[in-house]
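Coordinate analysis (summary)
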Amino acid sequence: MAEFLLLTGRTIWQGEAIETAKDEDIYPKAVAVCYFHPADMEELGIEEGDPVRVKSEHGEIVVEARAADVDVPARGQVFIPMGPWANRVVDPDTASTGMPGFKGVKVEIEPTDEEPIKDMSELMRRTYLRAED
Amino acid sequence: MHAHPRHMSRYTTFTRGYFRPKGRQDRTVIVVDPRRTASSRVADYFVRVSPHQDYELISALRAAIHGVEIEREEVAGVPVERVYELAEILKNASFGVLFWGMGLTMSRGRHRNIDNAICLIRDLNEHTKWVLMMMRGHYNVTGFNEVLSWTTGYPYAVDFTRGYPRYNPGETSTVDLLTRGETDAMMAIAGDPGAHFPQKAVERMAEIPLICVDPEWTPTAELADVYVPTAIAGIEWEGTAYRMDAVPIRMRKIVDPPEGMLNDAEFLELVIEKVEEM
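Residues numbered from 1 in each chain as written. Chains lettered and ligands numbered in written order. Predicted model: local features only at pLDDT ≥ 70, side-chain atom pairs only at ≥ 80, totals over all residues. Heavy atoms only, no water.

**A few points about the sheet that holds strand 10 (residues 210-213) of chain B**
Residues and elements named next belong to chain B. Rule in force here: When DSSP locates at least two bridges between a pair of strands, those strands are taken to pair. Only DSSP runs of H or I reaching four residues or more are called helices, and only runs of E reaching two or more are called strands; each is numbered from the N terminus. Note on method: axes are straight lines fitted to C-alpha atoms, helices fitted across the in-contact stretch only, with angles between N-to-C directions ranging 0 to 180 degrees.
Sheet architecture is open: three strands sit in the order 9-10-11, paired in parallel fashion. If you trace the sheet from one side to the other, it starts and ends with strand 9 (186-189) and strand 11 (226-228), each paired once. Averaged over all neighbouring strand pairs, the angle between strand axes comes to 15°, with direction disregarded. Taken together, the four bridges between strand 9 and strand 10 define a ladder with parallel strand orientation. For Ala188, the partnering residue across the bridge sits in strand 10 and is Cys212.

**Some thoughts on the domain arrangement of chain B**
The line we're drawing: In this entry, domain limits derive from an automatic or database-based domain assignment.
Under the domain assignment, chain B is made up of domain 1 (7-134) and domain 2 (141-277). For domain 1 of chain B versus domain 2 of chain B, the distance between C-alpha centres works out to 34 Å.

**Things to note about the side chain of Thr97 of chain A**
Operational definition: In what follows, a contact means two residues having at least one pair of non-hydrogen atoms within 4.5 Å.
Mapped onto the elements, Thr97 of chain A comes out in the loop between strand 5 (77-81) and strand 6 (103-111). If near-sequence neighbours (up to four positions away) are discounted, Thr97 of chain A is found in contact with Arg110, His111, Tyr156, Pro169 and Gly170 of chain B.

**Here's the deal with a negative patch on the surface**
Convention followed: A patch consists of residues whose relative accessible area exceeds 30% and which take part in no salt bridge; residues with like charges are grouped when within 9 Å of each other, and nonpolar side chains (Val, Leu, Ile, Met, Phe, Trp, Tyr) when within 5 Å. The Shrake-Rupley method, run with a 1.4 Å probe, gives the accessible areas here. Residue values count only the displayed protein chains as cover. Between Lys or Arg on one side and Asp or Glu on the other, a salt bridge is scored when a side-chain nitrogen of the former is within 4 Å of a carboxyl oxygen of the latter. By the counting scheme adopted, Arg and Lys are positive, Glu and Asp are negative, and His together with the chain ends is not counted. Throughout, a charge is located at the NZ atom of Lys, the CZ atom of Arg, the CG atom of Asp or the CD atom of Glu.
Together, Glu19, Asp23, Glu24 and Asp25 of chain A together with Glu216 of chain B give the surface a local cluster of negative charge. Along the chain, Asp23 of chain A falls in the loop between helix 1 (12-20) and helix 2 (26-31).

**Considerations on the pairing of strand 12 (residues 239-242) of chain B**
Sheet analysis places strand 12 of chain B next to strand 13 (residues 248-251) of chain B, joined by four bridges and oriented antiparallel. From the neighbouring strand, Tyr242 of chain B faces strand 13 of chain B, where its bridge partner is Pro248 of chain B.

**Here we look at the pairing of strand 5 of chain A**
Residue and element names in this part refer to chain A. Definition in use: Throughout, exposure labels follow a simple rule: accessible area from a 1.4 Å probe, protein chains only, divided by the maximum for the residue type, with under 20% read as buried, over 50% as exposed, and the rest as partly exposed.
For strand 5, a buried count of five out of five residues is recorded, marking the element as mostly surrounded by other parts of the structure. The alternating pattern of strand 5 places Gln77, Phe79 and Pro81 and Val78 and Ile80 on opposite faces, both of which are buried. Here strand 1 (residues 2-9) runs beside strand 5; their pairing, made up of five bridges, is parallel. When the bridges of strand 5 are listed, Leu7 appears paired with Phe79.

**What about the pattern of salt bridges?**
Residues and elements named next belong to chain A. Applying the stated criterion across every chain, the model contains 23 salt bridges over all chains. With its nearest N and O atoms 3.7 Å apart, the salt bridge here joins Arg53 to Glu110. You can see Arg53 sitting in strand 3 (residues 51-56) and its partner Glu110 sitting in strand 6, a full 57 residues away along the chain. For Arg53, a relative accessible area of 16% translates into the label buried. Taken together, the shared-partner salt bridges connect Arg53, Glu60, Glu110 and Glu114 into one network.

**Points about a nonpolar patch on the surface**
All names here are of chain B. A cluster of nonpolar residues, Phe95, Val97 and Val131, forms a patch on the protein surface that exposes about 220 Å² of accessible area. Within the element layout of this structure, Val131 appears in strand 6 (residues 129-134). A relative accessible area of 32% places Val131 in the partly exposed class.

**Notes on helix 6 (residues 141-152) of chain B**
All names here are of chain B. Condition: Each residue after the first adds 1.5 Å to the expected span of a helix.
For helix 6, spanning 12 residues, the distance from its first C-alpha to its last is 16 Å, which sits close to the expected 16 Å at 1.5 Å a residue. Considered for burial, the residues of helix 6 that qualify are Thr142, Gly143, Asn145, Leu148 and Thr152. Phi turns positive one or two residues past the end of helix 6, at Gly153, with a value near 95°.

**Things to note about unusual backbone geometry**
All names here are of chain B. Unusually for a residue other than glycine, His52 sits at a positive phi of about 70°. Following the sequence through the fold, His52 ends up in the loop between strand 2 (45-48) and helix 3 (54-65). Since its relative accessible area comes to 17%, His52 is described here as buried. Positive phi is not limited to glycine here, since Ala190 has a value of about 50°.

**Some details on the side chain of Asn145 of chain B**
Mapping Asn145 of chain B onto the fold places it in helix 6. Discounting residues that sit within four places of it in the chain, Asn145 of chain B has contacts with Arg136, Pro155 and Tyr156 of chain B.

**Considering the interface of chain A and chain B**
Where the parts come together, the accessible area they lose is often given as the size of the interface. What counts is decided by this rule: Note on definitions: buried area is the accessible-area loss of two parts on being combined, 1.4 Å probe, summed for both. In the analysis that follows, any N or O atom pair within 3.5 Å is treated as a polar contact, provided that within protein one partner can donate a hydrogen and the other can accept it, and provided that, for residues neighboring in sequence, both atoms belong to side chains. The classification used treats Ala, Val, Leu, Ile, Met, Phe, Trp, Tyr, Cys and Pro as nonpolar, Asp, Glu, Lys and Arg as charged, and all other residues, Gly among them, as polar.
Taken together, the contacts link 47 residues of chain A with 46 residues of chain B. Looking at the side of chain A facing chain B, the largest losses of area belong to Arg10, Asp71 and Tyr128 of chain A, adding up to 15% of the total buried there. At the surface where chain A touches chain B, the tally comes to three salt bridges. If you look at where chain A meets chain B, you find 23 residue pairs in polar contact (both at pLDDT 80 or more). Of all the secondary structure elements, the ones that give two or more residues to the side of chain A that touches chain B are strand 1, helix 1, strand 5, strand 6 and helix 4 (120-128) of chain A. Within the side of chain A that touches chain B, the residues separate by chemical class into 24 nonpolar, 14 polar and nine charged.

**Examining the packing of aromatic side chains**
Residues and elements named next belong to chain A. What counts, and what does not: Between rings of Phe, Tyr and Trp, where Trp is taken as its six-membered ring, a pair exists when centres lie within 6.5 Å; planes separated by under 30 degrees are stacked, by over 60 edge-to-face, and by other angles tilted.
One pass over the full model with this rule turns up seven aromatic pairs over all chains. Ring centres of Tyr35 and Phe79 lie 6.5 Å apart, and the angle between their planes is 45°; this geometry places the pair in the tilted category. Here Tyr35, found in strand 2 (residues 33-36), pairs with Phe79, found in strand 5; they are 44 residues apart in sequence, far enough to count as distant. Each of the two residues, Tyr35 as well as Phe79, counts as buried.

This is the structure we're talking about:
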């Protein structure tokens, strides 16, 4: 387990996915992922596509690890594109502005055997409606 | 480049104009970000700011512009010499624009970061011409803020419960109302809070009656008790959208919506009719 600072935000692929279809494969492929500095991945002993558990004091989520190539976070920072996956761990406190803490959230990350939920419908139903399937 | 793919090519960086005949070559681009982004790779200067320290960096730039000595080696992860170098570039521009991303409002400092950025622009205008513009998050959020501002005087988080508009972010803003559990019913129109609100707010949305009005099936629709599909504004129905610089653009209808599909306005009029009957 290692501590990171999580940033969330847009990527071009997230933008493409939300304008295409949020209930199709393209969406989780773009947003159920966590971008690392390649050296941080090596230190954690994980490879491209491995599932990782991201935990903050506000919640946790399992997503797929990716080595960042173009938009590279600094060492000790990770990036999850904005979406329902990232929002499981962001800070809901708005500091009286109406805007939650989407960036700079302290998280702990560990490799896991659990597979990420790769379907928007399933994620929403299982997490928020407590449905079995 | 990721959040606004057409911004650099169409509006700000590569475009040629009367005063900038060589386009990109005639401009200086500085990108400030905690990450080495695609935008930073086409910039002349990349400044890696430490997360949560935007306020400090803006303050340091203001100090440098005023010629004040900064008694530190680095500010927000940026060496002080670099801060002075940037301050000189900003002061010597003939017409500068500060485009700030939504991130400034999402980390420590929040609106105070913006306040400080506005002060920076005010300071720079003592030397040369500078303006600032926010890089909005979604299509036509500018339109929502504009219309709300000229109808109520406030840009968002407007509370009508007392019969007149009230604005107190933190108290009357959507995320706060939801996370405190004060809201007992919700209608989401052409927005997707299910995908873009933090977990605690979405948990509340799942508990209460939720109506989702949206042309597309979204995470909000997934949680909704009632889902109403509507025609897509600007494609299946004419309408007005505001550009990021607050210029309203009239959009023509280009294709017919599926038969019987209402647009948002028609749907809301029917709802109001029913409410008035009740």
